[in-house]
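# Coordinate analysis (summary)
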Amino acid sequence: MHVSCHALAGLAALSCLLLATADAVAQQRPELQMLLYASLDGTVQPEIGAGVEVTGGEGLEYVEGHAGQAARFGEADFVEYRNLPAIDPQSGTIELWVTPHFLNRDLADHYYLRFESEDGRSWLDLNFSTAACGPRVEIGVGGETFQARADFRSYEERPNHLAVTWDTIDPDIARLRLYVDGVIAAYADFEPIAPPTLLRIGRKSAEEATNANADLDEVYVYNRALTEMQVWALHESAEGPEGRVVTIRQMVAQDDAVRTERLRILREQRRVAM
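Now for a description of the structure that goes with this document.

What counts, and where the lines are drawn
- Residues numbered from 1 in each chain as written.
- Predicted model: local features only at pLDDT ≥ 70, side-chain atom pairs only at ≥ 80, totals over all residues.
- Heavy atoms only, no water.
- Helix = DSSP H or I, 4+ residues; strand = E, 2+ residues; numbered from the N terminus.
- Buried < 20%, exposed > 50% of the residue type's maximum accessible area, 1.4 Å probe, protein only.
- Contact = heavy atoms within 4.5 Å.
- Areas by Shrake-Rupley, 256 points an atom, 1.4 Å probe, with all protein chains shown as cover.
- Phe/Tyr/Trp six-rings, centres within 6.5 Å; stacked < 30°, edge-to-face > 60°.
- 1 Å grid on protein atoms, 1.4 Å probe; cavity = no way out; pocket = protein on both sides within 12 Å on 5 of 7 lines; lining within 4 Å.
- Points joined across faces, edges and corners; volume = space filled by probe spheres on them.
- Nonpolar A, V, L, I, M, F, W, Y, C, P; charged D, E, K, R; others polar.
- Axes fitted to C-alpha atoms, helices over the stretch in contact; angles between N-to-C directions.
- Parallel < 35°, antiparallel > 145°, perpendicular 65-115°, else oblique.
- Left-handed = near helix turned anticlockwise from the far one by under 90°.

Let us look at the overall build of the protein. Scanning the protein from terminus to terminus reveals 3 helices and 15 strands. Within the span of the protein, comprising 274 residues, buried residues form 48% of the whole. Within the protein, contacts between residues separated by at least 24 positions form 65% of all contacts whose residues are at least 6 apart in sequence. With the model as given, the accessible surface of the protein reaches about 13200 Å², and the carbon-plus-sulfur share is 53%.

Have a look at this one:
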């Protein structure tokens, strides 16, 4: 079979691009860290997140949750976390458990949490959308809105595990992704927001009564985007925050080792081809 010089040159260029991209990913992806953890188990104070300032939540009722207790967010309830640890707008993961007290055909949106930049002009929302009859993640930046919706994937009166990952670095997990009960439900292209300084739980804003009407439980924020199998492991895990990080770090290390070996093979194949 005849292969033209142009085709070989194109393959070589593609190989170089893949290697360069993979090397860049390896260099930029930090060790997995849990930046913020709020169990909402009888208190709104975070267990992990040194220096975070907390306001609101004085009238919350605490009920049985997925793990221990959960906070019941009604009409006027919300909590704000300020002075957040440095959350990378290029790559990260959020997870929490939500028990909705409304049907998936409800006629009002319900806001679970919102990250905002200091000027309030860019944000990331996780909410229930009447248009989707299910959970939706939205990013707003520069006057544009990017969203991923999980149609009819809200299950009332039982805990729903919701996870959001975002990444602009790694082509294997790039995009804004929404998971429901450990399984990817929607994804979308997006533009990164400015580094968020505020996390609000239970309402869209302090002024707007777009309340959660749900029990919220076990809010986690991680410093890098996780893969589909790693998110599934979060859903299946019954461990507390310390054991959770250890387990996922082990998975990350194993996955990174597989990637390193694939890169070695690709480099060797490229060397032989050349």
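We now examine the packing of aromatic side chains. In this structure the tally under the stated criterion is 3 aromatic pairs. Plain terms: the ring middles of tyrosine 220 and tyrosine 222 are 6.0 Å apart, the flat faces sit at 10° to each other, and that makes the pair stacked. You can call tyrosine 220 buried: its relative accessible area is 1%. Residue tyrosine 222 is classed as buried on the basis of its relative accessible area, which comes to 1%.

Turning our eyes to something else, we now look at empty space enclosed by the protein. Counting across every chain of the model gives 2 cavities of 30 Å³ or more. The space that makes up the largest cavity amounts to roughly 60 Å³. As for the largest cavity, its lining consists of Ile87, Pro89, Phe115, Leu124, Ile139, Trp166, Ile193 and Pro196. Classifying every residue of the lining of the largest cavity gives 8 nonpolar, no polar and no charged. As a volume, the second largest cavity reaches approximately 40 Å³.

The next subject is the packing of helix α2 (residues 228-236) against helix α3 (residues 241-273). Between α2 and α3, the least distance of the axes is 10 Å, while the angle of their chain directions is 160°. Taken together, the axes of α2 and α3 lie roughly antiparallel to each other. Between α2 and α3 lies a crossing whose hand is right-handed. When α2 is examined against α3, the residues Met229, Gln230, Ala233 and Leu234 are found in contact with a partner set consisting of Arg244, Ile248, Met251, Val252 and Asp255.

With that settled, consider α2. Buried within α2 we find Gln230, Val231, Ala233, Leu234 and His235. Looking at the buried side of α2, the elements it contacts are β6 (91-100), β11 (160-167), β12 (175-180), β15 (214-222) and α3.

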